[in-house]
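Observations on chain architecture
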Amino acid sequence: MNNVEFGEAVITQVIVENAARDLVKLSEADVVIVGAGSAGLTAAMYVARSGLRTVVFERKLSFGGGIGGGGMFFHKLVVQSPADEILREIGCPFEKVREGLFVVDTSAMIAKLASSAIDAGAKIILGVTVDDVIFRGRRQPRIVGVVIQWTSVIMSGIHVDPLGVKAKAVVDCTGHDAEVLAVASRKIPELDLLVEGEKFMWTERLKGLL
């Protein structure tokens, strides 16, 4: 039986050293995904499976984005075909309620998506906000990374310089607000991006656009 006691300094050293090692390794990623909701976790799973160094930055301290709230705080989500194929792939239990329509527990979907992304090799960092993008070139502008900051620093309103993460690709999975694309559209007009923003609820039309 191991009776060795570890003091506070050892615990601090282990946390800081290992977290710093991760951040140094991820300062140059193949793919940065912004947001750990359903889209971000699904993207992370597939991208990481392909062998690319993948990091997900989530500003909150939890997975799932808007999944947890379900439909008006009810613990259920509706999934339309063919998205049910992803649920089968990750081993998430669900129930068929209509032809092409399925219902799933929010907690199960969050847990299975997050676990599948991590198992695939994606690194998910919580409590970090993507505050800006890094770009190069004027005639042929390209986004080459993101600028990150602790969410707690942004919430506190104090000035602390952020850090940059280089990436070959940046995927915006921030939902309705398309926060990364909005920043790129505003700051880099050469990209000629148009972010239309959130529209009305019309599920039949949405399915037709997918």
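My aim in this report is to walk through the structure given alongside it, one point at a time.

Conventions we followed
Residues numbered from 1 in each chain as written. Predicted model: local features only at pLDDT ≥ 70, side-chain atom pairs only at ≥ 80, totals over all residues. Heavy atoms only, no water. 1 Å grid on protein atoms, 1.4 Å probe; cavity = no way out; pocket = protein on both sides within 12 Å on 5 of 7 lines; lining within 4 Å. Points joined across faces, edges and corners; volume = space filled by probe spheres on them. Helix = DSSP H or I, 4+ residues; strand = E, 2+ residues; numbered from the N terminus. Nonpolar A, V, L, I, M, F, W, Y, C, P; charged D, E, K, R; others polar. Buried < 20%, exposed > 50% of the residue type's maximum accessible area, 1.4 Å probe, protein only. Arc of directions from axis to C-beta. Contact = heavy atoms within 4.5 Å. Phe/Tyr/Trp six-rings, centres within 6.5 Å; stacked < 30°, edge-to-face > 60°. Pairing = 2+ DSSP bridges. Axes fitted to C-alpha atoms, helices over the stretch in contact; angles between N-to-C directions. Salt bridge = Lys/Arg side-chain N within 4 Å of Asp/Glu carboxyl O.

**Some remarks on the layout of surface pockets**
Empty space among the atoms can be located by rolling a probe the size of a water molecule over them. If you add up the space inside the second largest pocket, you get close to 290 Å³. Along the wall of the second largest pocket there are 16 residues; nearest its centre are Leu23, Ile148, Trp150, Leu163 and Val165. Every element with two or more residues in the lining of the second largest pocket is listed here: helix H1 (8-26), strand E8 (142-150) and strand E9 (163-172). Per-element tally for the lining of the second largest pocket: the top contributor is H1, with 4 residues. A breakdown of the residues in the lining of the second largest pocket according to their chemical character gives 12 nonpolar, 3 polar and 1 charged.

**Looking at helix H6 (residues 179-187)**
Those residues of H6 that sit buried are Val180, Val183 and Ala184. Mapping the buried residues of H6 onto a view down its axis gives an arc of 95°, with all of them on the same face. In the core, the buried residues of H6 are packed alongside strand E1 (28-34), strand E7 (128-136), E8 and E9.

**Quick look at the packing of aromatic side chains**
The full count for this structure, using the stated rule, is 2 aromatic pairs. Ring geometry for Phe200 versus Trp202: centroids 5.8 Å apart, planes at 40°, classification tilted. According to the relative accessible area criterion, Trp202 is partly exposed, its value standing at 46%.

**A short note on the sheet that holds strand E2 (residues 54-58)**
On the basis of which strands lie adjacent, the open sheet formed by 6 strands has the order E6-E2-E1-E9-E8-E7 and mixed pairing. Of all the strands in the sheet, the pair left with one neighbour each is strand E6 (123-126) and E7. Mean inter-strand twist for the sheet, computed between neighbouring axes without regard to direction, equals 40°. As paired strands, E2 and E6 are joined by 4 bridges and run parallel to one another. Considered in E6, the bridge of Val56 is made with Ile124. Here H6 sits on the sheet in contact with E1, E7, E8 and E9, set at roughly 40° to E7.

**Details of the side chain of Thr106**
Checked against the element boundaries, Thr106 lands in helix H4 (residues 106-119). Beyond its immediate stretch of four places on either side in the chain, Thr106 contacts Ile67, Gly68, Gly70, Phe74, His75, Lys76 and Leu77.

**Observations concerning the pattern of salt bridges**
Using the criterion set out here, one finds 8 salt bridges in the structure. Asp105 is paired through a salt bridge with Lys76; the nearest N and O atoms lie 2.3 Å apart. Residue Asp105 is located in strand E5 (residues 101-105), and its partner Lys76 is located in strand E3 (residues 76-80); the two are separated by 29 residues in the primary sequence. Residue Asp105 is classed as partly exposed on the basis of its relative accessible area of 28%. A relative accessible area of 38% places Lys76 in the partly exposed class. Here Asp84 ties to Arg88 by a salt bridge, and the two come within 2.4 Å at their closest N and O atoms. Of this pair, Asp84 and Arg88 both sit in helix H3 (residues 84-90), 4 residues apart, which is roughly one turn of the helix.

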